[in-house]
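Spelled out, the chains give:
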Amino acid sequence: LAASSGFLNKGSLTFPSVKINVRRVRVGSARQGHKVIAASAPETWMAPDDFKSAALVSSREQYQEMYDRSINDPGGFWGDIAEEFFWETKWDPENVVKSNFNMDDGKVEATWFAGGKTNIAYNCLDRHVENGKGDDIAFYWEGNAIGEDSTLTFSQLKDEVCKTANYLKSVGVKKGDRVIIYMPMLNELPIAMLACARLGAIHSVVFGGFSAEALAQRISGSLSDVVLTCSAVMRGTKSIGLKDIVDKAIAITSAEGFTPSTVVVYDNTRAMAKEDLPMVEGRDVWWNEVMSSMSTDCEVEWVDAEDPLFMLYTSGSTGMPKGVVHTTGGYMVYAATTFKYVFDYKDGDVYWCTADCGWITGHSYLAYGPLLNGASQVVFEGVPTYPDAGRCWAIVDKYKVSQFYTAPTAIRALQRSGDAIVKQYDRSSLRILGSVGEPINPEAWRWYHEVVGDGRCPIVDTWWQTETAGHMITPLPGGWALKPGSASLPFFGVEPAIVDEKGNELEGEAEGLLCIKSPWPSMMRTLYQDHARYETAYFSAVKGYYFSGDGARRDADGYYWITGRVDDVINVSGHRIGTAEVESALVTHPKCAEAAVVGVDHPVKGQGIYAYVTLMEGVDYDEDLRKELKVSVRSVIGAFAAPDTIHWAPGLPKTRSGKIMRRILRKIASNEIDQLGDTSTLAEPAIVDTLIDLKGNVK
Ligand code: PRX
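Computed from a predicted model, the values in this text were never measured in an experiment.

### Here we look at the overall build of the protein chain
Argument step 1. Within the protein chain one finds 20 helices and 36 strands.
Argument step 2. Since a compact globule built from 699 residues should have a radius of gyration of about 27 Å, the 25 Å found for the protein chain is in line with a globular shape.
Argument step 3. Over its C-alpha atoms, taken along the principal directions, the protein chain stretches across nearly 75 × 65 × 60 Å.
Argument step 4. Looking at the protein chain residue by residue over its 699 residues, the buried ones come to 62%.
Argument step 5. Partitioning the intrachain contacts of the protein chain with sequence separation of at least 6 by distance along the chain shows that 72% fall at a separation of at least 24.

### Topic: helix α17 (residues 579-586)
Argument step 1. Extensive coverage of α17 is indicated by the burial of six of its eight residues.
Argument step 2. Buried residues of α17: Thr579, Glu581, Val582, Glu583, Ala585 and Leu586, and no others.
Argument step 3. Buried residues in α17 make contact with β32 (569-572), β33 (575-578), β34 (592-602), β35 (606-615), α18 (623-636) and α19 (662-669).

### What about the nonpolar core?
Argument step 1. Ranked by internal contacts, the top residues of the largest apolar core, which has 199 residues, are Tyr368 and Phe492.
Argument step 2. Discounting chain neighbours no more than four positions away, the residues touching Tyr368 are Ile120, Cys124, Met193, Leu194, Ala197, His203, Leu309, Tyr331 and His363.
Argument step 3. Listed in part, the 18 residues of the second largest apolar core include Val598, Val600, Leu665 and Val688.

### Here's the deal with the packing of helix α2 (residues 60-72) against helix α3 (residues 74-82)
Axis angle and axis distance: for two packed helices, these are the angle between their axes and the distance between the axes, and together they describe the pair.
Argument step 1. Two numbers describe how α2 lies on α3: the axes approach to 5 Å, and their chain directions differ by 110 degrees. When the axis of α2 is compared with that of α3, the two are roughly perpendicular. Every residue of α3 that contacts α2 at Met66, Arg69, Ser70, Ile71 and Asn72 is listed here: Pro74, Gly76, Phe77 and Asp80.
Argument step 2. Of the residues contributing to the contact of α2 with α3, the split by class is four nonpolar, three polar and two charged.

### Brief notes about the site of the ligand
Argument step 1. Within the structure, the ligand sits among 17 residues, and Asp461, Thr462, Thr466, Asp550 and Arg576 are positioned closest to it.
Argument step 2. The backbone of Glu438 places a nitrogen or oxygen atom 3.4 Å from a nitrogen atom of the ligand.
Argument step 3. With respect to the ligand, the side chain of Gln465 contributes an N or O atom lying 2.9 Å from an oxygen atom.
Argument step 4. Here the ligand has 540 Å² of accessible area as a free molecule, and 96% of this is covered by the chains.
Argument step 5. Contributions of two or more residues to the shell around the ligand are made by α11 (360-372), β25 (459-462) and β31 (560-565).

### Some thoughts on unusual backbone geometry
Argument step 1. For the bond from Tyr386 to Pro387, the omega torsion is -5 degrees, close enough to zero to count as cis.
Argument step 2. Within the element layout of this structure, Pro387 appears in the loop between β22 (376-380) and α12 (391-399).
Argument step 3. Unusually for a residue other than glycine, Phe113 sits at a positive phi of about 60 degrees.
Argument step 4. Here Phe113 shows up in the loop between β7 (110-112) and β8 (117-118).
Argument step 5. Its identity is not glycine, yet Ser488 carries a phi of approximately 70 degrees, on the positive side.
Argument step 6. Looking at the secondary structure, you find Ser488 in the loop between β25 and β26 (496-499).

### Points about the sheet that holds strand β30 (residues 546-554)
Argument step 1. Pairing is antiparallel across the open sheet formed by five strands, whose spatial order is β27-β26-β28-β30-β31. A single partner strand is all that each edge strand has here, and the edge strands are β27 (505-506) and β31.
Argument step 2. Where β26 meets β27, two bridges bridge the pair, whose relative direction is antiparallel. Residue pairing across strands places Ile498 opposite Leu506, the latter belonging to β27.

### Let's talk about the packing of helix α5 (residues 154-170) against helix α6 (residues 188-199)
Argument step 1. Between α5 and α6, the shortest axis-to-axis distance is 8 Å and the interhelical angle comes to 65 degrees. Judged by the twist between their axes, the crossing of α5 over α6 is right-handed. Each of Leu157, Glu160, Val161, Cys162, Thr164, Ala165, Leu168 and Lys169 in α5 lies in contact with α6, whose residues at this interface are Ile191, Ala192, Leu194, Ala195, Cys196, Arg198 and Leu199.
Argument step 2. The residue makeup of the contact of α5 with α6, split by class, is eleven nonpolar, one polar and three charged.

### Observations regarding the packing of aromatic side chains
For any pair of aromatic rings, the description rests on two quantities: the centre-to-centre distance and the angle between the ring planes.
Argument step 1. Counted under the stated rule, the structure contains 47 aromatic pairs.
Argument step 2. Relative to Trp648, the ring of Tyr621 lies with its centre 4.8 Å away and its plane at 40 degrees, an arrangement referred to as tilted. Taken together, the residues Tyr621 in the loop between β35 and α18 and Trp648 in strand β36 (residues 645-648) connect sequence positions 27 residues apart.
Argument step 3. Residue placement shows Lys90 over the ring face of Trp91; its charged tip is 5.0 Å from the ring centre.
Argument step 4. When the ring centre of Phe210 is taken as origin, the NZ or CZ atom of Arg218, which lies over that ring, is 4.3 Å away.

### Comments concerning the side chain of Lys667
Argument step 1. Along the polypeptide, Lys667 turns up in helix α19.
Argument step 2. Of note is the side chain of Lys667, whose polar atom sits 3.4 Å from the side chain of Gln675.
Argument step 3. Residue contacts for Lys667: discarding those within four places in its chain leaves Glu672, Ile673, Gln675 and Leu676.

Quick notes on the rules
- Residues numbered from 1 in each chain as written.
- Predicted model: local features only at pLDDT ≥ 70, side-chain atom pairs only at ≥ 80, totals over all residues.
- Heavy atoms only, no water.
- Helix = DSSP H or I, 4+ residues; strand = E, 2+ residues; numbered from the N terminus.
- Rg over C-alpha atoms; globule rule 2.2 N^0.38 Å.
- Buried < 20%, exposed > 50% of the residue type's maximum accessible area, 1.4 Å probe, protein only.
- Contact = heavy atoms within 4.5 Å.
- Core = buried A, V, L, I, M, F, W, Y, C linked by side-chain atoms within 4.5 Å.
- Axes fitted to C-alpha atoms, helices over the stretch in contact; angles between N-to-C directions.
- Parallel < 35°, antiparallel > 145°, perpendicular 65-115°, else oblique.
- Nonpolar A, V, L, I, M, F, W, Y, C, P; charged D, E, K, R; others polar.
- Near = heavy atom within 4 Å.
- Polar contact = N/O pair within 3.5 Å; in protein donor to acceptor, adjacent residues only side chain to side chain.
- Areas by Shrake-Rupley, 256 points an atom, 1.4 Å probe, with all protein chains shown as cover.
- Pairing = 2+ DSSP bridges.
- Left-handed = near helix turned anticlockwise from the far one by under 90°.
- Phe/Tyr/Trp six-rings, centres within 6.5 Å; stacked < 30°, edge-to-face > 60°.
- Lys NZ or Arg CZ within 6 Å of the ring centre and 35° of its normal.

Right, here's the structure in full:
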């Protein structure tokens, strides 16, 4: 296995406006804690000749030629692709991309296709209907329970989007307004997104697992006057009341002085009886009632390529979540092109991405990328393990899925249930398997490849982020040999750079911080109402580059190996969580004086959340308190961010200047006591031994 044991030494990058503490990261190996099978499996795997010859990109030479053009002539490369879409007004061909990405003054602006006017919803729907594809299936919707399913053709989807857009218009939503969507994976979720896009309104989708407080922050942060939601949803055997959470969130925003005027509630009778749901007179309406009288014709709002399409909050290493803003034209072209090449999309394919539209993957590779390509796809409401661990393979079999895209955490969870349940189902329709959200350990890669894909299907391990909005480093399935655990090569138009802790770009085989050195069409343009934070958080740590927050190694073949975050962001089951957010949620508990959170390896989730908690003077540690602290995090962020482990800490290891030494906390958490390193700079070195002693009481 091509893994190195290189280390990037802990250090810190200090530049005028930001300081990033770089963790000591093991680079190039499988994520620590996952066993790497040194089996007879080959180090690299190449798609068979018949796959390659039919693929859109069938050799590294073909890729290299296209890639070189995309870098040397981005205007020509992306301009040609953009011609395939409908533009009401063409962009200025002399200025396809304009940016001051690498300027020394720290100011960052980028535009793509400026002057062009288009509409992404029109390109997702009307364009296909007008081209005679109206009767093709857009969505095969599969509900939580077996036997719940339905289909929507492109023209039916267009009708639903128009009705929803007409309703939004009737309550005053217009271009530039923000709309909160807090929905489960019903067809109505992408319908709502497309309806906003049709009107030029900015959607802000909030994942259904976020708590009332987190939702409140996002409502008042964007001053969204309209909230689209659902009565409740079934997740496996559990019913989760979403409207109830919306009510609580609005109670919080109202107390702070902002109250949305309209809440549209989808009546999901499978999860909750209509009579059981209190509605607020004058504010709440039933989706199913108001939409039924709306017209299926809705004029398209032509927007500028640089008008915002959506905002989506994501976690950073410090402070509150950031409202990442993406615009229309570049996003459209990039989401469609990455979808087409990475999934080698062909007419007749049935694609399935298991992501929720509450995350970026559901935006780019469910709502937009596939629809822009006119693809038929599965939209799944449920969870991969309900009613049993064979559900995904049953769905693959039922719809004859050709591309399956999921997260390593799901792969590892399903792997635990053994091979027999996978083999009960016919998976011969599968052509490509995809992975996203976290590093995939080679062991899970091989199981996915050998058992799920019967050794036939390339795995596209796609590295990208909320901020990049589309795949950045990824295999093209017919293009080159795959190495388990490597995302391989940059997509067209992407110029990655490996930078050392002093900010110097390294050539050839190298390991360090993963940066991008030129603009790509779907790069985020700003943080909502905070352009200064955008520039500081992403562009000031490594001058002249976009800094991703990840570490990576480049091997002798030019392949990239992503090793995970080097900042204080942890990735739990593919969910990105800032340690600072969890810490501030813990200290909302009146008995918690201080908290420090680190990530630890977890066999299924990738990383788990490990929290050190110092209680107020005189408060005793007890089991009820441990539970209460977890509840605090659930209520401030959501259940997915609750700590797995709480370690009582009478004090925390701090430097004399008061900075918590997380390196030590990480080592204690992961039982690497022999590798604590230098503790002499601590204000109170004895606290380390106390914490080690208290490890026996960790739960
Ligand atoms: O650490 C990287 C990890 O997920 C982070 C981005 O998280 P988010 O914005 O929530 O987007 C997730 C879906 C794109 C990255 O900084 N990550 C994502 N994909 C991979 C990955 N790490 C390793 N390999 C990947 N394929």
